[in-house]
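Architecture and fold: a report
The chain contents come next:
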Amino acid sequence: MVTAELAVATLAALALLGMMLWAIFLVVVELRCVDTAAAVARQAARGDTKGVRMARAAAPAGASVTTTTRAGVVTVTVRVRARPLVEGLPAVPLGAQARVAKEPGGDW
C-alpha cells in the first residue's frame, strides 16, 4: 500500500516541479522582452543605430522587434512565442512595449 501511494506522490511532485519551472521560464522570457523593448526604445530615441543593434541582440531567441516613430515618440514592440519542451502543448505568446520621446540632436 505504501509503495503505490509513494509512487503517486512522487509523480505528482514531479508534475508540480515541471509546472513551476515552466512558469519561472515564462517570467524570465517576459522580463527579457521588457528589458529589450526599453533598451531599444532608449537607443532609438537617442538616434544611436549601433546601440539599437546591440539592444536587439539581447532579445529572446525567435523574438520579433518592431520600431515605429510617430509624433516624436519612438514605440518598440517585442513579441515572442515561448514553446514548451514537451511536444503537443501550446506555445505561450509573450510581449512587451516601450515608448520614449525622441531626444534632440539625434541622427534621425
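The structure presented is a predicted model; accordingly, all values stated were derived computationally and were not measured. (Residues numbered from 1 in each chain as written. Predicted model: local features only at pLDDT ≥ 70, side-chain atom pairs only at ≥ 80, totals over all residues. Heavy atoms only, no water.)

Before going further, it helps to examine the overall build of the protein. Within the protein, the secondary structure is distributed over two helices and three strands. Secondary structure of the protein in N-to-C order comes out as α-α-β-β-β. The principal-axis extent of the C-alpha atoms belonging to the protein is close to 75 × 20 × 20 Å. Here the protein, with 108 residues, has 28% of them falling under the buried criterion. A separation threshold of at least 6 residues defines the contact pool for the protein, and within that pool the share at least 24 residues apart is 53%. For the protein, the accessible area works out to roughly 7500 Å², and carbon and sulfur atoms hold 65% of it. Here the protein holds 12 positive side-chain charges and 7 negative ones, and the gap between their average locations is 10 Å. (Helix = DSSP H or I, 4+ residues; strand = E, 2+ residues; numbered from the N terminus. Buried < 20%, exposed > 50% of the residue type's maximum accessible area, 1.4 Å probe, protein only. Contact = heavy atoms within 4.5 Å. Areas by Shrake-Rupley, 256 points an atom, 1.4 Å probe, with all protein chains shown as cover. Lys, Arg positive; Asp, Glu negative; His and termini not counted. Charge placed at Lys NZ, Arg CZ, Asp CG, Glu CD.)

Attention now moves to the pattern of salt bridges. What the rule picks out here adds up to one salt bridge. A salt bridge links Arg46 to Glu103; the nearest nitrogen and oxygen atoms lie 4.0 Å apart. In this pair, Arg46 is assigned in helix α1 (residues 2-46) and Glu103 in the segment after β3 (92-101), connecting sequence segments 57 residues apart. Residue classification places Arg46 among the partly exposed positions, given a relative accessible area of 41%. On the accessibility criterion, Glu103 (36% relative accessible area) is partly exposed. (Salt bridge = Lys/Arg side-chain N within 4 Å of Asp/Glu carboxyl O.)

The sheet built from three strands is open, its strands ordered β1-β2-β3 with antiparallel pairing. Edge strands, defined here as strands with exactly one partner in the open sheet, are β1 (64-70) and β3. The average undirected angle you get between the axes of adjacent strands in this sheet is 15°. With 10 bridges connecting them, strand β2 (residues 73-82) and β3 associate as antiparallel partners. By the bridge assignment, Ala82 is partnered in β3 with Val92. Against the sheet, α1 touches β1, β2 and β3, its axis set at about 25° to β3. (Pairing = 2+ DSSP bridges. Axes fitted to C-alpha atoms, helices over the stretch in contact; angles between N-to-C directions.)

Time to look at the UniProt feature "transmembrane region" (unreviewed entry) in the protein. The UniProt record marks residues 6-29 with the feature "transmembrane region" (unreviewed entry), using the residue numbering of this structure. Taken as a whole, residues 6-29 contains 100% helix and 0% strand, while its terminal C-alpha atoms sit 35 Å from one another. (UniProt positions renumbered as here; feature names shortened; annotations may be inferred.)

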